[in-house]
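Below, each chain spelled out in residue letters.
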Amino acid sequence: MRKIYLFIIAILLSGYCLGQNTGYMGMHVIFNAEGSLSPSWKNPNPLSHTLNEHFTSEHYRRYFGLNYILSPNIECIIWNKGSVGAGYNYYNSPYKGTLYQEIPNSYSYYYEDYSFTGQVVAHGFNVFYKQYLGDTKAPLGFYAKFIFDGFFYHYLNNEEPPQLMASYYPDLKEGNSMLFGAKAEFGYDYLFFNRLRLSFGISFGSTFGGYKAIKGFFDDFSRHDASTTSVNSFVHNRILNAYWFGLKVGVGFLAF
């Protein structure tokens, strides 16, 4: 289904591009394979298992751990200094967190805690506008790129939640949700043989969520209500940590 959506987007974008401008040497459409890397610091990341096996030092595990987001896309030149595009997002990472829930009983309240690790897998989309800067024209040179992203994810915890807590919140073990974000990217595009393009950039942005877990970490209280902090809060925070900063590397092909 995702391939069908991308194919439809490609047809619509190419039709729009071909009708608007002469492009670069008569070509308008670029197919890109792009990925963004960022440091994970102390957060679980796709390299955590391998790093734990090969390094005993926390220093190495912290600085060699990396997040990644893959974002292949289709880009169309719409005028001499700009292009638009749309594509697919993929993110996969472990995460961890702890919830404390106030449970009522016959006489008072007591707390149950749930420390968990798990895996989140996200699929989504990206749409963008790229503006080329200075004495150059699309599709090469310095650029500023403005991106809107969507992530639709599924998470699964490794640990079973306490039975009573699970009866209050059935999505503690497993669930689905979505998260959106926006970022700005600045970089440089190199074009070889009038066909092959290499892209390098740096991006900054934010998701529209993921801050509740940060707030809970800095609270004066060691326990917070699961109605305000949930597994989704920690999953959102994990995506935010991978999203807010990125080093982009991309390979593109100017097709037609």
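Cut-offs applied
Residues numbered from 1 in each chain as written. Predicted model: local features only at pLDDT ≥ 70, side-chain atom pairs only at ≥ 80, totals over all residues. Heavy atoms only, no water. Salt bridge = Lys/Arg side-chain N within 4 Å of Asp/Glu carboxyl O. Helix = DSSP H or I, 4+ residues; strand = E, 2+ residues; numbered from the N terminus. Buried < 20%, exposed > 50% of the residue type's maximum accessible area, 1.4 Å probe, protein only. 1 Å grid on protein atoms, 1.4 Å probe; cavity = no way out; pocket = protein on both sides within 12 Å on 5 of 7 lines; lining within 4 Å. Points joined across faces, edges and corners; volume = space filled by probe spheres on them. Core = buried A, V, L, I, M, F, W, Y, C linked by side-chain atoms within 4.5 Å. Contact = heavy atoms within 4.5 Å.

(A) Structural detail: the pattern of salt bridges. Summed over all chains, the structure comprises 8 salt bridges. In this structure, the salt-bridge partner of glutamate 75 is lysine 130, at a minimum N-O distance of 3.7 Å. With a gap of 55 residues between them, glutamate 75 in strand β3 (residues 73-79) and lysine 130 in strand β5 (residues 109-132) connect regions that are remote in the sequence. On the basis of relative accessible area, lysine 130 is assigned to the buried category, the value being 0%. Residue aspartate 189 pairs with lysine 130 through a salt bridge whose shortest N-O separation is 3.1 Å. Here the residue aspartate 189 occupies a position in strand β7 (residues 174-192), and lysine 130 occupies one in strand β5, the gap between them amounting to 59 residues. Given the relative accessible area of 1%, aspartate 189 is considered buried. Taken together, the shared-partner salt bridges in this structure form one network comprising Glu34, Lys145, Glu185 and Lys248.

(B) Broad picture of unusual backbone geometry. Cis geometry marks the peptide bond from alanine 138 to proline 139, where omega comes out at 15°. The topology assignment puts proline 139 in the loop between β5 and β6 (141-157). The phi dihedral of methionine 25 falls on the positive side, at around 55°, and the residue is not glycine. By secondary structure assignment, the location of methionine 25 is in the loop between α1 (2-18) and β1 (29-39). Accessibility expressed as a relative area gives 57% for methionine 25, which makes it exposed.

(C) Structural view of empty space enclosed by the protein. The full count for this structure, using the stated rule, is 1 cavity of 30 Å³ or more. Each pocket or cavity is described by its volume, and for the largest cavity that value is around 130 Å³. Glu34, Ser71, Ile147, Lys183 and Glu185 are the residues nearest the centre of the largest cavity, which is lined by 15 residues in total. Broken down by secondary-structure element, the contributors of at least two residues to the lining of the largest cavity are β1, β5, β6 and β7.

(D) Main features of the nonpolar core. Counting residues in each nonpolar core, the largest one holds 21 residues, and the members touching the most others are Tyr91, Tyr153, Val231 and Val235. When residues of this core are traced back to their parent elements, those giving at least two are β4 (82-104), β5, β6 and α6 (231-243). A per-element tally of this core places α6 first, with 6 residues. Once you skip the residues sitting within four places of it in the chain, tyrosine 91 turns out to touch Asn67, Tyr68, Ile69, Val120, Val121, Ala122, Phe151, Arg238, Ile239 and Ala242. If you look at the next biggest cluster of nonpolar residues, it comprises 9 residues, including Met27, Ile30, Ile77 and Leu254.

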